[in-house]
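# Structure at a glance
The chain contents come next:
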Amino acid sequence: MSNRRKNSLYPTLSAELSALMRTGWADTERHDLAPAEQAPYAALRRAALSARFPGERLVVPSGNLKVRSNDDTYPFRSYSGYVHMTGDQARDGALVLEPRPDGGHDAYCYQLPRDSRDDDEFWTGAHAELWTGRRRSLAESERVLGLPCRDVRTAAADLAAVSEVRTRIVRGIDPALEAAVTTDEERDAELEDALSDLRLVKDAWELGELRKAVDSTVRGFTDVVGELSRAVASSERWLEGTFFRRARLEGNAVGYGTICAAGEHATIMHWTDNDGPVRPGDLLLLDAGVETRSLYTADVTRTLPISGTFTPLQREVYDAVYEAQEAGIATVKPGAAYRDFHEAAQRHLAARLVEWGFIEGPAERAYELGLQRRFTMAGTGHMLGLDVHDCARARTEEYVEGVLEPGMCLTVEPGLYFQADDLTVPEEWRGIGVRIEDDLVVTEDGHENLSAGLPRSADEVEAWMARFAG
């Protein structure tokens, strides 16, 4: 059989064993399943997508397993656009919106059904249920998702058989389904853009999930502070593991690779090796977020003095970043340009860098030329949701050039990073990196800081650490 491993201890399968394995199994079909809490919200999202593409068939795959090494795969994570439109997270699935003559669509979902006990694949297959866990039956999925469900093993043939319907598919997710349809790359990209556009404003259910993600993240940060003394005797990885334990306990996992950066590693924007020493007197930059079981993620950063107290110079840099974040947060409200919080924070940092003599002023000129970027590098925030950098494919005029609306969720995260080998700053500044990041939701009359449960000012951070640090 094709699934036999080259060096299997059982290279053959007797007819008697095959017969034994196929008999004596109880019926485990579940008839008590109720629709998922998210199902009515997902139906509204599908209706909004349908309205954008009348008369066209839309295919949104969930994705396939990816090999990590040899026969070991990465943990599966569904394509976010599929999750948003269905509430489902199953591998090898696909949402199809089939056009109706009235301009609307009929929605159905392809799913991988349960393994048949009449076939040896149910226990010999590389990804068989007896190896990896029970899947929902098609009937069970229909009840949970509120969608008709079909066997995905016929999906490619089904889609190819109806070739006269104008079709769009999200590319790069499922090669087999992509090969089954004739589409246009530019039009397919418009579908992916639309799926991002529709995530810009979160519904009430999504905001509830983001609150859960942030609340768990706050507890994860408190866990890390309590483990600082043990990390001093170990490494950054002790703290990474500490946060991960909280993420797995209360959610699905972390929403992105945790940045646990002590000392000069804090100047590296996306430091994820997390294998460096944790030394008293240095700063620890922790950028981490819990992903809920529904796959919504938080994204919070705090910069902490490992010894519990900032040095005067560390506090000066920290205060500059804190004031920049305050300036950015103050602009977040309905009707404000998306760019406003970024510009407010960056202008403040540019002014401080001119004041310190690290870039040439006046401050407005330095900002217009972007000179502060030598020490800030990145933008000051991004949308947040199912992806840590959510809605990344949304149309520019709706995102970066857009206007804030109630229900949008974003981060505000200014930072200053003085590289260890930067000869343009005094030696005592080199190796200092500070970032402060919070998760905000735009409300009807302003904003709410979802991560306000974590202290932000230098005094508050020191008091918090004095209470919880081990």
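Each value, and the rule that gives it
Residues numbered from 1 in each chain as written. Predicted model: local features only at pLDDT ≥ 70, side-chain atom pairs only at ≥ 80, totals over all residues. Heavy atoms only, no water. Pairing = 2+ DSSP bridges. Helix = DSSP H or I, 4+ residues; strand = E, 2+ residues; numbered from the N terminus. Axes fitted to C-alpha atoms, helices over the stretch in contact; angles between N-to-C directions. Buried < 20%, exposed > 50% of the residue type's maximum accessible area, 1.4 Å probe, protein only. Contact = heavy atoms within 4.5 Å. Domains from an automatic or database assignment. Buried area = accessible area lost by both parts, 1.4 Å probe. Phe/Tyr/Trp six-rings, centres within 6.5 Å; stacked < 30°, edge-to-face > 60°. Lys NZ or Arg CZ within 6 Å of the ring centre and 35° of its normal. UniProt positions renumbered as here; feature names shortened; annotations may be inferred. Polar contact = N/O pair within 3.5 Å; in protein donor to acceptor, adjacent residues only side chain to side chain.

Strands sit in the order E13-E16-E17 across an open sheet of three strands; the sheet is antiparallel. Looking along the sheet, the strands with just one partner apiece sit at the ends: strand E13 (409-412) and strand E17 (446-449). Taken pair by pair, the neighbouring strands of this sheet meet at an average axis angle of 40 degrees, ignoring direction. Bridge count for E13 against strand E16 (residues 438-443) is four bridges, and the pairing is antiparallel. The residue bridging Cys409 from the neighbouring strand is Val441, located in E16.

The subject of this paragraph is the side chain of Asp203. With respect to the element layout, Asp203 can be found in the loop between helix H9 (185-197) and helix H10 (204-226). Residue class for Asp203 comes out buried when judged on its relative accessible area of 18%. The contacts of Asp203, once residues within four sequence positions are left out, are Tyr41 and Arg45.

What follows is about the domain arrangement of the protein chain. With domains assigned, the protein chain is organised as domain 1 (29-198) and domain 2 (204-468). Computed over C-alpha atoms only, the centres of domain 1 and domain 2 are separated by 35 Å. Contacts between the two partners involve 15 residues from domain 1 and, on the opposite side, 16 residues from domain 2. Buried surface at the junction of domain 1 and domain 2, summed over both partners, amounts to about 1400 Å²; 47% is from carbon and sulfur atoms.

Let us now look at the packing of aromatic side chains. By the definition in use, this model includes 15 aromatic pairs. Judged by centre distance (5.4 Å) and plane angle (75 degrees), the ring pair of Phe418 and Trp429 falls under edge-to-face. In this pair, Phe418 is assigned in the loop between strand E14 (415-417) and strand E15 (433-435) and Trp429 in the loop between E14 and E15, connecting sequence segments 11 residues apart. For Trp429, a relative accessible area of 8% gives the class buried. Taking NZ or CZ as reference, Arg117 lies 4.6 Å from the ring centre of Trp25, over its face. The ring of Tyr108 has Arg150 sitting right over it, with the charged end atom 3.6 Å from the ring centre.

The next thing to look at is the environment of Asp273. Tracing the chain through its elements places Asp273 in the loop between strand E9 (259-262) and strand E10 (283-288). Judged by its relative accessible area of 43%, Asp273 falls in the partly exposed class. A sequence separation of 100 residues divides Asp273 from Arg373, and the C-alpha atoms of the two residues are 24 Å apart.

Time to look at the UniProt feature "binding site: Mn(2+) 2" in the protein chain. UniProt tags Asp287, Asp299 and Glu437 as "binding site: Mn(2+) 2". Taken along the chain, the residues just named run across 151 residues; in space they keep tight, none of their C-alpha pairs more than 8.1 Å apart. On the secondary structure map, Asp287 appears in strand E10. Among the residues examined, Asp287 registers a relative accessible area of 5% and is labelled buried. Not counting residues up to four positions away in its chain, the partners in contact with Asp287 are Tyr256, Thr258, Ile259, Asp299, Val300, Thr301, Arg435 and Glu437. Polar side-chain contacts of Asp287 include one of 2.6 Å to the side chain of Tyr256. Mapping Glu437 onto the fold places it in the loop between E15 and E16. In this view, Glu437 contacts Asp287, Asp299, Val300, Thr301, Arg302, Gln325, His382, Thr411, Val412 and Glu413; residues no more than four positions away in its chain are not counted.

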